[in-house]
Amino acid sequence: MKSDSNLEKVLAAGHFAVTGELGPPRGANLQAIKDKASHLKGMVDAVNVTDNQTAVVRMASWAVSLVLKEMGMEPNYQMVCRDRNRLAMQSDILGAAALGINTMLCLSGDHPSFGDHPQAANVHDIDSIQQIQMVAAMRDEGRFMGGAEIDTPPRMFVGAAANPFGDPFELRVLRLGKKVAAGADFIQTQCIYNMERFAEYMRQANDMGLTERTKILAGVTPLKSAGMARYMANKVPGMDVPPEVVKRIADQPKEKQAEEGIKLLCEQIEQLREMPGVAGIHLMAIEWEHRVPEIAERAGLLPRPQV
Amino acid sequence: MITAERKPMEEILRSVEPYGKILLVGCNECVTVCHAGGRKEVAMLASALRMGRLKQGAPLTVDELTLERQCDPEYADELARVIDQYDAVCSMACGCGVQTVAERYRGLPVLPMVNTAFMGASEKNGVWAERCAGCGNCVLGMTGGICPIARCSKRIFNGPCGGSTKGKCEISPDVDCAWQLIWDRLKQLGQTELYSQIMAPKDWRSARDGGPRRIVREDMAI
């Protein structure tokens, strides 16, 4: 094992992995974290803790990760390249590892223009692929990026994100290949609504042998309403929501749209389970953590393996 | 070229408020090409300033002069014979020109009249766009002649990020995705294998992060 990550163990044992997601609060509200996290406990193998997602300031992802750790959960500590240079990244990784965080996700980060501090400097000292290389080298070679030796290297299970639906499509699997070459142990994808396109992406990834070198967790997000479906379809960059998916939710009366969203999600999870090369799912129930136990139950994802 | 845009009139009027006689100095180089601070713009701003101050009931004497190149001490010297007559110099050059004049005439306020923007090229009449970040270590040979530092909103070396949609950047439909452009050009050049190599982390010392930069050419010293 490269780390003490529960996610690594679950994947290594050949289970269909399930990860969840928790967005830190916009304040120093510890109870809010515990309330949200309590819905995810026992439902997923690791919980992604987002890092100032959509470039909006929130509690530090390492701090919230520690709260989850204390609650007996496995945090997947997210870190974006937007806010930190290589010094800050490496020192945070050391701190996180020392305090028991075993899993992390390397990301570019949304542009500051989307967030609540559009005035901020946009760091990007290194990009997400170089960040993966950096974390893997810290662990495997015991070296900082600057070359110096690390006394007690951080043993991180290193993840990366992939968007199968961004453009140009022909680059998507090639870029995934670069992330795998950089050392990504696992991949979590952007939310999938276009199953056909994702199946094609997975076929290419399988053909390139990438799924033998990394574990791909397919991203899914329940659509809570027709409004949300339309927003995802039209407003979120790099998202592919086919019109028939929007229609399926919108054709329901308002009070039944959430239920239809969960039904659709369960069908998607079923399809993903059967798709060659898919090692698990990443369930992003955005501000819907309290529905995760019901979703996990209905999608047949319980009980989670004890490894 | 270095591009610039004239500052808003209100800000300019506020900055010259304490003065009664100024010298408005243009530059015949980049700011002339991008229509921000050449002879023509000097004349237009001079008129606007005179009128603006008349309206305020505090007339301003504005003399006009455009140097060949404000960022060159040799040309900045040309101001020496007239400069004593003025309360302030208002420069329409880029920041390099403003500082060259300020350094040469230490006892006189030198005020910027333009906001220096970026190193760019003309896309079409009236449109300039950023092309170079002056990072000190050019990678254009690896990226199909399109700079990921100057033209990707996240200066990603191994792009594109997940926000690239239909050839456009996630920040705006008006901004091209640099990595889409790079990929298209690499295909055209038959150099797609360059994409699969992971580009190493940048050594930013050659850029501004290494501190203020200088070029010293011993062979040119006299």
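Asks: In this structure, what is going on with the overall build of chain B? I would like to understand it.
Replies: Tallying secondary structure elements over chain B gives 8 helices and 9 strands in all. Taking the principal axes of its C-alpha atoms as reference, chain B extends roughly 65 × 45 × 25 Å. Residues counted as buried form 36% of the 222 residues belonging to chain B. By sequence separation, contacts in chain B at least 24 residues apart represent 56% of the contacts at least 6 residues apart.

Asks: Could you clarify how one ought to interpret the overall build of chain A in this entry?
Replies: The secondary structure content of chain A amounts to 12 helices and 8 strands. For a compact globule of 307 residues, the expected C-alpha radius of gyration is about 19 Å, and chain A comes in at 18 Å, within 12% of that figure. For chain A, the C-alpha atoms occupy an extent of roughly 60 × 45 × 45 Å along the three principal directions. Residue burial in chain A is summarised as follows: out of 307 residues, 50% are buried. Look at the contacts in chain A between residues 6 or more apart in sequence, and 78% of them connect residues 24 or more apart.

Asks: Please clarify how the packing of helix α6 (residues 169-182) of chain A against helix α7 (residues 195-207) of chain A should be interpreted in this entry.
Replies: Two measures define how a pair of helices packs: the angle their axes make with one another and the distance between the axes. Residue and element names in this part refer to chain A. Axis separation between α6 and α7 bottoms out at 10 Å; the angle between their running directions is 45°. Here α6 lies oblique to α7, going by the angle between them. Note that α6 runs across α7; the crossing there is right-handed. Contact residues: R172, V173 and L176 in α6; Y201, Q204 and A205 in α7. Partitioned by chemical class, the residues of the contact of α6 with α7 number 4 nonpolar, 1 polar and 1 charged.

Asks: Got a minute to help me understand the sheet that holds strand β2 (residues 21-27) of chain B in this structure?
Replies: The strands making up a sheet are joined through hydrogen bonds of the backbone, oriented either antiparallel or parallel. Residues and elements named next belong to chain B. In space, the 4 strands of this open sheet follow the order β3-β2-β4-β5, with parallel pairing throughout. Both outer strands of the open sheet, β3 (61-67) and β5 (110-112), are each paired with one neighbouring strand and no more. Within this sheet the neighbouring strands show an average axis-to-axis angle of 25°, counted without direction. Judged from the 3 bridges that link them, strand β4 (residues 88-91) and β5 form a sheet pairing that is parallel. The residue bridging V89 from the neighbouring strand is V110, located in β5. Each of β2 and β3 touches helix α3 (residues 39-55); the most contacted strand, β3, lies at about 170° to it.

Asks: How should I be thinking about unusual backbone geometry in this particular structure?
Replies: Where the residue is not glycine, phi is negative for most of them; where a peptide bond is considered, it is trans in most cases. A cis amide bond, omega -15°, links D167 of chain A with the succeeding residue P168 of chain A. Inspection of the secondary structure assignment puts P168 of chain A in the loop between β5 (157-162) and α6. With an omega of -5°, the peptide bond running from L302 of chain A to P303 of chain A counts as cis. The residue P303 of chain A is located in the segment after α12 (292-298) in this model. Its identity as a non-glycine residue notwithstanding, T54 of chain A has a phi of 50°, on the positive side. Along the chain, T54 of chain A falls in the loop between β2 (46-49) and α3 (61-70). Overall, T54 of chain A belongs to the partly exposed group, with 14 C-beta atoms counted inside 10 Å. Unusually for a residue other than glycine, R155 of chain B sits at a positive phi of about 35°. Along the polypeptide, R155 of chain B turns up in the loop between α6 (148-151) and β8 (168-169).

Asks: Just checking my understanding: could you explain the interface of chain A and chain B for this structure?
Replies: A common way to report how large an interface is uses the accessible area buried once the components associate. Listed per partner, the contact involves 25 residues of chain A and 23 residues of chain B. If one sorts the elements of the side of chain A that touches chain B by residue count, α6 of chain A sits on top with 6 residues. Class assignment for the residues of the side of chain A that touches chain B results in 10 nonpolar, 11 polar and 4 charged.

Asks: Help me understand the packing of helix α5 (residues 128-140) of chain A against α6 of chain A in this model?
Replies: All names here are of chain A. Two elements in contact, α5 and α6, have axes separated by 8 Å at closest approach and are oriented at 20°. Overall, the two elements α5 and α6 adopt an arrangement that is roughly parallel. Both α5 and α6 take part in a crossing whose hand is right-handed. Mapping the contact onto sequence places I129, I132 and Q133 in α5 and K178, K179 and A182 in α6. Looking at the contact of α5 with α6 residue by residue, the class counts come to 3 nonpolar, 1 polar and 2 charged.

Asks: Before we go on, may I ask you to explain the sheet that holds β5 of chain A in this structure?
Replies: All names here are of chain A. With parallel pairing, 8 strands are arranged side by side around a closed barrel as β1-β2-β3-β4-β5-β6-β7-β8. In this sheet, neighbouring strand axes are inclined to one another by 30° on average, regardless of whether the strands run parallel or antiparallel. Strand direction decides the pairing type here: β2 and strand β3 (residues 75-80), joined by 3 bridges, are parallel. Bridged to V49 within β3 is Y77. Running over the sheet, α5 touches β4 (103-107) and β5 and is turned about 150° from β4.

Asks: Sorry, what's going on with the domain arrangement of chain B here?
Replies: Domain parsing of chain B yields domain 1 (2-118) and domain 2 (133-210). In this structure, domain 1 of chain B and domain 2 of chain B have C-alpha centres spaced 37 Å apart.

Here is what the cut-offs are and how they apply
Residues numbered from 1 in each chain as written. Chains lettered and ligands numbered in written order. Predicted model: local features only at pLDDT ≥ 70, side-chain atom pairs only at ≥ 80, totals over all residues. Helix = DSSP H or I, 4+ residues; strand = E, 2+ residues; numbered from the N terminus. Buried ≥ 20, exposed ≤ 12 C-beta atoms within 10 Å, placed from the backbone. Contact = placed C-beta atoms within 7 Å. Rg over C-alpha atoms; globule rule 2.2 N^0.38 Å. Axes fitted to C-alpha atoms, helices over the stretch in contact; angles between N-to-C directions. Parallel < 35°, antiparallel > 145°, perpendicular 65-115°, else oblique. Left-handed = near helix turned anticlockwise from the far one by under 90°. Nonpolar A, V, L, I, M, F, W, Y, C, P; charged D, E, K, R; others polar. Pairing = 2+ DSSP bridges. Domains from an automatic or database assignment.

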